[in-house]
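Secondary and tertiary structure notes
Single-letter residue listing:
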Amino acid sequence: MANEVPAFRYIGRKRRPAEDRRFLAGSGRFVADLALPGTLHVALAASPYPAARIVRIEADAARALPGVRAVVTGAEIAAATDPLMSGLDLPKMLRYPLAVGQARYVGEWVLAVVAETRAIAEDAVELVDIEYEPLPYVVDPEAALGPGAPLVHAELGTNQLLRRQFVWGPVEADFAAAPRHIAYRARWHRSATVPIETFGVLARWEPGARLLEIWASIQDQLARALRLPGNAVRTHFDVDVGGSYGGKRGLKHAVLAGYLARRLNAPVRLIEDRLENLRGGDAHGPDRIFDVSMAFDETGLVRAMRMRALDDVGAYAGRAPFQLGKPIGAIVGPYHINSVAYEPISVATNKTPEEAVRGFGQSPTNFAIETGMDLIACDLGLDRIELRRRNLIPREAFPYLIPSGSTYDSGDYHAVLDKALAAADYPGLVRRRDAARAAGMLAGIGISCCLEPSGGNSSFEPLLNPKRDATTWMEGCQIKVDLSGAVIAAMGTSSSGQGHETLASTIIGEVLERDPDTIRVVHADSLSALPSNSPVGSRMAIMLGTAAADAAKKLKAKLLAIASHDLRLPLDGLAYRGGDISVASDPGRHLTWDQLVDIAHSKFHRLPPGTEPGLQALAVAQVPTGGMLPTADGRVQMYPCYAFEAHVVYAELDRVSGQTRLKRYVCGHDCGVMINPDIVHGMTYGGIAHGIGAALYERFAYDGNGQLISGSFMDYLLPSAHEVPDITIVDHCTPSPITSFGQKGSGEAGYLGAPAAIASAVNDALSPLGLHIATLPMTPDVIGELLAEAEERKR
Amino acid sequence: MSQHEIALRVNGERRTGRVPARLTLVDFLRDELRLTGTHVGCEHGVCGACSVLFDGKPARSCLLFAVQADGAEIVTVEGLAPGTEELSVLQDSFWELHALQCGYCTPGMLIAAHALLLENSAPTEHDIREAIGSNLCRCTGYKQIVDAIALAAERLRGANLRQERRDGQ
């Protein structure tokens, strides 16, 4: 039942995150903080053209500069390494860390200089003369699909990288039967995660051991591109990562640094500067045009939806096109829409490549759906909240199967929406808005109801690329108890602020009934070979949480088996309490934790026959509900868990500057059982702030010449403490029935609903003028121009 | 590249160096003195991750050359705590309210907040947002940071009034 939170000893309680202390002391260990003797530094020459043939590279002067150790071009890299992997089946789209023969976007790395200091390397880049022959280019995604468009990759013969047409349910019939239809376009311009730490990597080749050591937040594929066996690369996942939110992958950086380290037999460090990060870091986000139509009845019940999503992935496709796939797992949002047709299209342009962004395409899709809900309410003259109430999946309908094949695990959407409205004092907000309007201001209230799919299975891979028949996205955890009785847990990925150490220690502490603060969680390196993937898709509470719980349960079972043998009692005659095990009927007879640990480590004669000495357990979690390949008509269980968020925001628009000021912000949130509420709330606040950026400020804008015109923090505007208001989060808890403790994932919370809600507020504010926009970001200049045009028309 | 002798005090200790004219203060602190708590975020003075106290005022160490710090008094995040393995009241308040996630902007935030609390013992929410308004954080949405600074201010006021309240912090 909703809101009946199970009682836990440590889960859900206030606990200071274990990670925080080192960061507060200034002793975090980020990649740029590492110092290896003799480290060389990389600087990069980047293409100034959106498309150009590299005719000639003259680098003698650079090579001659004292301190310069190497100048490396794409031709050398292409000869010595294999192309970087693409998620799609595009064998002709070759991608290397440096442009080979042709540059395809402004900022693409063309040449690398390695020198004894970064300053010398940058000086040397200045001395390089690269002759380019500019080629035709295309930056508009619709133009890129048109006939005769310049081809980003001539070898492909097209800029269209992916196009699928899914029909789930009787779409035609539902549209024909519905009395009312709307059709609209929603535009999400490209922004990204833009962590405050840029991407960095340190690489060292050990010639004796034939081992490449990498310090970076980078996972698979590295060894393959370097033509090394996987066990010849040790990636250190214990390096602290200064934010990622999906975007920090850095495969090309790591391949380049790894190659250079081996070639020069010296540690090589590549730390992006901010321009390299924004322009050449290959981490822009979704850039999407939605054309949507919805069919509904006179009461506002939405029966069917058609959605065409055109996504501009930029010049190369890594995993980015899959961001059109994740939303399939929540394609109807929180609403009981009967049938859906979905046409995802991925197109290449001469822009910086796209990478994953928090929510993996779900936030733009949520914005597109919510735009429709507001338009339908407007069309029918219905209250926007009432319209949503009528369409929300009711509590009693869970588990709820949506047309595209995913089953939503649990939820109580109406209750969360009501809680958010109550916390916002919605009638009071309406009065405030109306009073502001009466005083001549532009004021509006925004609403959004959105889902956060979590814990994914990577099912979008086989769905969009049948050659990749992946059906798991596992995560492992290993727990050891040492001779002294201390608990050590190992996880297999790096962290970038999500508090995984606290997550794992809290859950292990819960199962073993040991104080989580006494449990140390370490990040195994890639040679420690813990089966794992990466902290994407809001999955770690579910996946690392399950693995940690399962490993702890195995360990506990071993302790009980030891006690059962030693005390000569069946298991059901024993009581486990805080790590000590006693005879249930005679608590005076017991073995303490220390005694059990001692038996396991050094008293083989007291262990049950056939028992391994020592105390350790490994568990690898499979995704709950995972393991299924898509059906022929494209249905698959995409994500196991679905959290829900309802946003209520009040905004006022400055008529002169066009700036939107958020005056009140409430988010009702239900992600099941929270392992650490401070961490969940923190990520939700941060997700909302990120969403405020995507909705109002952040855009990688290109001019007609294909130049990126927001390549610094003076132009690409991250929200500050002035733009992000004091946010109120209202918790609700509908436990997931399919996870170890009822938890759902939550790392993408806030971001998934904030842009939709803010767009809703802006449009409510504009509605008295008869204006409507469905383009994000709604920057001050966009709104200012809209207001000026409206003013002009009045005259 | 001309080289210059500089002498300054960093976290209360006299430090000297011979630096090229173009070396930034943040590179000097991080690479020469190995004080890596101060972070580099944008190198154009916007994000604030590199903030240090320069003669008592918060300053962007990416926009200063090391030679400009000759004779200056610098405090970095490593200098905020009263001792090794200790945290200041401000740092502890950040921990109590989880006012950080990835920890990258945190040193700059602490410097900005520390500078505020040196001048204003009872800051309003507005004062706090002004003080950290030039420090970008991508993780927290600022809420827990604002609350932590208010908590630190409250604790520090209490500490001034009643010594016995300091236990347990």
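Small disclaimer: the values here were computed from a predicted structure and weren't measured. (Residues numbered from 1 in each chain as written. Chains lettered and ligands numbered in written order. Predicted model: local features only at pLDDT ≥ 70, side-chain atom pairs only at ≥ 80, totals over all residues.)

As a further point, take the overall build of chain B. Scanning chain B for helices and strands turns up five helices and five strands. Its helices and strands in sequence order give chain B the pattern β-β-α-β-β-β-α-α-α-α, from N to C terminus. Taking 169 residues into account, the globule formula puts the C-alpha radius of gyration at 15 Å, and chain B, at 16 Å, falls close to it. Viewed in the frame of its principal axes, chain B has a C-alpha envelope of about 55 × 35 × 25 Å. Expressed as a percentage of contacts within chain B between residues at least 6 apart in sequence, the contacts between residues at least 24 apart total 58%. (Helix = DSSP H or I, 4+ residues; strand = E, 2+ residues; numbered from the N terminus. Rg over C-alpha atoms; globule rule 2.2 N^0.38 Å. Contact = placed C-beta atoms within 7 Å.)

So, about the overall build of chain A. Counting its secondary structure elements, chain A contains 20 helices and 30 strands. Relative to the globule expectation of 28 Å for 795 residues, the C-alpha radius of gyration of chain A, 28 Å, shows essentially globular dimensions. When the backbone C-alpha atoms are referred to their principal axes, chain A occupies close to 95 × 75 × 50 Å. In chain A, which comprises 795 residues, the proportion classed as buried is 60%. Sequence separation of 24 or more characterises 79% of the internal contacts of chain A that already satisfy a separation of 6 or more. (Buried ≥ 20, exposed ≤ 12 C-beta atoms within 10 Å, placed from the backbone.)

A separate point is the interface of chain B and chain A. At the interface, 43 residues of chain B touch 44 residues of chain A. Within the residue set of the side of chain B that touches chain A, elements represented by two or more residues are α2 (89-96), α3 (106-119), α4 (125-132) and α5 (143-161) of chain B. Of all the elements, α2(B) adds the most residues to the side of chain B that touches chain A, at four residues. Looking at side-chain class alone, the side of chain B that touches chain A contains 20 nonpolar, 15 polar and eight charged residues. (Nonpolar A, V, L, I, M, F, W, Y, C, P; charged D, E, K, R; others polar.)

To continue, consider the confidence of the model for chain B. Scored by pLDDT, chain B has a mean of 94; 94% of the residues are at 70 or more. Per the prediction output, this complex has pTM 0.97; the corresponding ipTM is 0.97. (pLDDT = per-residue confidence, 0-100.)

Moving on: the domain arrangement of chain B. All names here are of chain B. For chain B, the assigned domains read domain 1 (3-79) and domain 2 (89-166). Of note, the centres of domain 1 and domain 2, computed from C-alpha atoms alone, are 22 Å apart. Each partner contributes to the interface: domain 1 provides 13 residues, whereas domain 2 provides 11 residues. Of all elements in the fold, only β3 (51-54) and β4 (57-60) reach the threshold of two or more residues within the side of domain 1 that touches domain 2. (Domains from an automatic or database assignment.)

Attention now goes to the domain arrangement of chain A. All names here are of chain A. If you check the domain split of chain A, you get domain 1 (20-25 + 474-621), domain 2 (34-135 + 198-241 + 249-280) and domain 3 (288-459 + 628-794). Spacing between the C-alpha centres of domain 1 and domain 2 amounts to 41 Å. If you look at the interface, domain 1 gives 11 residues, while domain 2 gives 11 residues. Class assignment of the residues belonging to the side of domain 1 that touches domain 2 gives a composition of three nonpolar, seven polar and one charged.

Residues and elements named next belong to chain A. The seven strands lie next to each other as β3-β5-β1-β13-β10-β11-β12, forming an open sheet whose pairing is mixed. At either end of the open sheet lies a strand with only one pairing partner, and these are β3 (68-73) and β12 (233-236). Strand-to-strand twist in this sheet, taken as the mean axis angle between neighbours without regard to direction, amounts to 20°. Note that β3 and strand β5 (residues 109-115) share five bridges and pair antiparallel. Residue pairing across strands places V72 opposite A112, the latter belonging to β5. Along the sheet face, helix α4 (residues 118-127) touches β1 (40-46), β3 and β5 and points at about 30° away from the line of β1. The sheet strands contacting helix α8 (residues 251-264) are β1, β3, β5, β10 (200-206), β11 (211-215) and β13 (268-271), and the helix crosses β10 at an angle near 30°. (Pairing = 2+ DSSP bridges. Axes fitted to C-alpha atoms, helices over the stretch in contact; angles between N-to-C directions.)

With that settled, the discussion passes to the environment of E197(A). Within the secondary structure, E197(A) sits in the loop between β9 (180-188) and β10. Taking C-alpha positions, E197(A) is 27 Å from P780(A), a pair spaced 583 residues apart along the chain. Setting aside residues up to four positions removed in sequence, E197(A) forms contacts with F30(A), G242(A), G243(A), H39(B), G41(B) and Y104(B).

Right, let's talk about helix α13 (residues 426-438) of chain A for a bit. Given a rise of 1.5 Å per residue, 13 residues ought to cover 18 Å, and the 18 Å separating the end C-alpha atoms of α13(A) matches this to within 8%. Burial runs low along α13(A): only one of the 13 residues are buried. (Expected span 1.5 Å × (residues − 1).)

Relative to the 40 Å expected for 28 residues at 1.5 Å per residue, helix α16 (residues 540-567) of chain A spans 38 Å between its end C-alpha atoms, a close match to the ideal helical length. Positive phi shows up at R568(A), right after α16(A), with a value of about 55°.

Moving on: the sheet that holds strand β27 (residues 641-653) of chain A. Residues and elements named next belong to chain A. A sheet is described by the order of its strands in space; here four strands give the open sequence β19-β27-β28-β29, paired in mixed fashion. With one partner strand each, in any of the chains shown, β19 (442-454) and β29 (727-732) form the two edges of the open sheet. Each adjacent strand pair in this sheet contributes to an overall mean axis angle of 15°, direction not counted. Of the pairings in the sheet, the one linking β27 to strand β28 (residues 660-670) comprises 10 bridges and is antiparallel in character. Note on β28: the bridge partner recorded for V649 is Y665. The sheet contacts of helix α18 (residues 677-697) involve β28 and β29, and relative to β28 the element is tilted by about 140°.

Residues and elements named next belong to chain A. Pairing of strand β23 (residues 574-577) with strand β24 (residues 580-583), which is carried by four bridges, proceeds in the antiparallel orientation. In the sheet register, R577 faces β24, and the bridge partner there is D580. Connecting the antiparallel pair β23 and β24 is a turn made up of two residues, with G578 showing a positive phi of about 60°.

On to the environment of A341(A). All names here are of chain A. As for its placement among the helices and strands, A341 is situated in strand β16 (residues 339-348). When the C-alpha atoms of A341 and P170 are compared, they prove to be 9.2 Å apart, with 171 residues separating the residues in sequence. With residues near it in sequence (within four places) discarded, A341 still touches F166, V167, V171 and R306.

Okay, the pairing of strand β25 (residues 586-591) of chain A next. Strand direction decides the pairing type here: β24(A) and β25(A), joined by three bridges, are antiparallel. Bridged to S582(A) within β25(A) is H590(A).

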